[in-house]
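Residue-level listing of the chains:
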Amino acid sequence: MTEDSLCPRCGAPLGPEDRVCPECRAPREAADPAPAVPDAAARSTPSGAGRARPLGRRSSGSPTNPFAIELARRLHRLQQWAEGAEPLGVELPQLPAWAEEAARSDPNPEPWAEVVRGIERIAQKRVAGAFEEWEKRAKARLTRLEAYSVDSRLEREQIEETLHAARSGDLPQALATFQQVDRVVALKERHLDQAREELERVIALLKDMQALGVEAPQDPGEIADDLESELRAGKLASLKQQIRALRLQAVNRLKVGLPKYITEYGDYLLDERSHGIPTELEAIELARGSREFFHGRPEEGLRRLRALQQRHGLPPNRPTRPPPSER
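The text that follows walks through the structure, step by step, so that each part is easy to find. Since we're looking at a predicted model, the values are computed, not measured.

## Side note on the overall build of the chain
No. 1: Secondary structure assignment for the chain yields ten helices and zero strands.
No. 2: Its helices and strands taken in sequence order, the chain reads α-α-α-α-α-α-α-α-α-α from the N to the C terminus.
No. 3: With 327 residues in all, the chain has 36% of them scored as buried.
No. 4: For the chain, restricting intrachain contacts to residue pairs at least 6 apart in sequence, the fraction spanning at least 24 positions comes to 64%.
No. 5: Surface exposure of the chain reaches about 20200 Å², of which carbon and sulfur atoms provide 51%.

This is the structure:
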């Protein structure tokens, strides 16, 4: 019997038509015979469990060592800390990619675990220090809001909670509370700044009216004090209502008085031009100011007309009512 008539695995004789061994069911063409598996062991081995896994390949479901799963979790947490701390202006350390790969495959993970713990301690220390600086800025912002009667007791309590959480190592809680405080304070500041801007715009409008000789509905100096009192009392809704009413009155008066002013100023420029004085630029600016007003932007229109007046002067005998500080 020739060698190719024997099973390459168990040595059992093979017939001419046998493609698999009748004893061990190994293929006739199988190379590199392996030692036979005892029947009891073969029966207790799950299907496919005895197959050799190619070198260099890792099962996607099982890491090289148990630390790999814990490493991934902790590195993800570090990344979350770094993103949450960005608004604080602090940069946190991260494990380099090469070190992460080495830690995942090292059969002795304890040195790498100590490296990660060190990075976490540095990150916590930096964030805690950044929160102490943030506390100073946040309390200064709250002091300004409180000067305008904006209630900020809750935000002050949350600042203390943030610092306590950061010092105790609970960075997720500290970062979450910090973001909430910062968002609320920014919203309150925006409402206050908008009210301040609207107040200043309407007072500037009244002053420009006076400078152009158009009677304002109220004296700018007196009404500015009243509106400032409302603002500092925190009565933003009432303040905005007064500003809207005052602006409407001013615009209605300008619709009557401003066309006369524009006509007189245009005649003034024509007269100067007839005497050889170049007034092309002034005429363009007069037209721009007029257009801004009649297109629904009275503040911008009057600002241009007043700037023109300050550079080029008023027509002769044009009556004006200067602000109280200039009387």
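## Digging into helix α6 (residues 171-211)
No. 1: Counted at 1.5 Å a residue, the expected span for α6 with its 41 residues is 60 Å, and the 58 Å between its end C-alpha atoms agrees.
No. 2: Just downstream of α6 lies glycine 213, where phi reads positive at about 85 degrees.

## Notes on the pattern of salt bridges
No. 1: Under the definition given, this model contains 29 salt bridges.
No. 2: A salt bridge links glutamate 160 to lysine 139, with the nearest nitrogen and oxygen atoms 3.1 Å apart. Residue glutamate 160 is found in helix α5 (residues 153-167), and its partner lysine 139 is found in helix α4 (residues 110-147); the two are separated by 21 residues along the sequence.
No. 3: Relative accessible area serves as the criterion here: at 25%, lysine 139 is assigned to the partly exposed category.
No. 4: Of the charged contacts in the structure, one is a salt bridge between arginine 303 and glutamate 300, with a shortest N-O distance of 2.6 Å. Of the two residues, arginine 303 and glutamate 300 both sit in helix α10 (residues 298-312), three residues apart, roughly one turn of that helix.

## Considerations on the packing of α6 against α10
To characterise two packed helices, one gives the angle between the axes of the helices and the distance between these axes.
No. 1: At a minimum axis distance of 9 Å, the contact between α6 and α10 shows a crossing angle of 40 degrees. Considering their axes alone, α6 and α10 lie oblique with respect to each other. Viewed along their axes, α6 and α10 form a crossing whose handedness is left-handed. Contact with α6, carried on its side by Arg201, Leu205, Lys207, Asp208, Met209 and Ala211, involves Pro298, Glu299, Leu302, Arg303, Arg306 and Gln309 of α10 and no other residues of that element.
No. 2: Counted by class, the contact of α6 with α10 contains five nonpolar, one polar and six charged residues.

Cut-offs and rules
- Residues numbered from 1 in each chain as written.
- Predicted model: local features only at pLDDT ≥ 70, side-chain atom pairs only at ≥ 80, totals over all residues.
- Heavy atoms only, no water.
- Helix = DSSP H or I, 4+ residues; strand = E, 2+ residues; numbered from the N terminus.
- Buried < 20%, exposed > 50% of the residue type's maximum accessible area, 1.4 Å probe, protein only.
- Contact = heavy atoms within 4.5 Å.
- Areas by Shrake-Rupley, 256 points an atom, 1.4 Å probe, with all protein chains shown as cover.
- Expected span 1.5 Å × (residues − 1).
- Salt bridge = Lys/Arg side-chain N within 4 Å of Asp/Glu carboxyl O.
- Axes fitted to C-alpha atoms, helices over the stretch in contact; angles between N-to-C directions.
- Parallel < 35°, antiparallel > 145°, perpendicular 65-115°, else oblique.
- Left-handed = near helix turned anticlockwise from the far one by under 90°.
- Nonpolar A, V, L, I, M, F, W, Y, C, P; charged D, E, K, R; others polar.

Interpretation in functional terms is not warranted from these geometric data alone.
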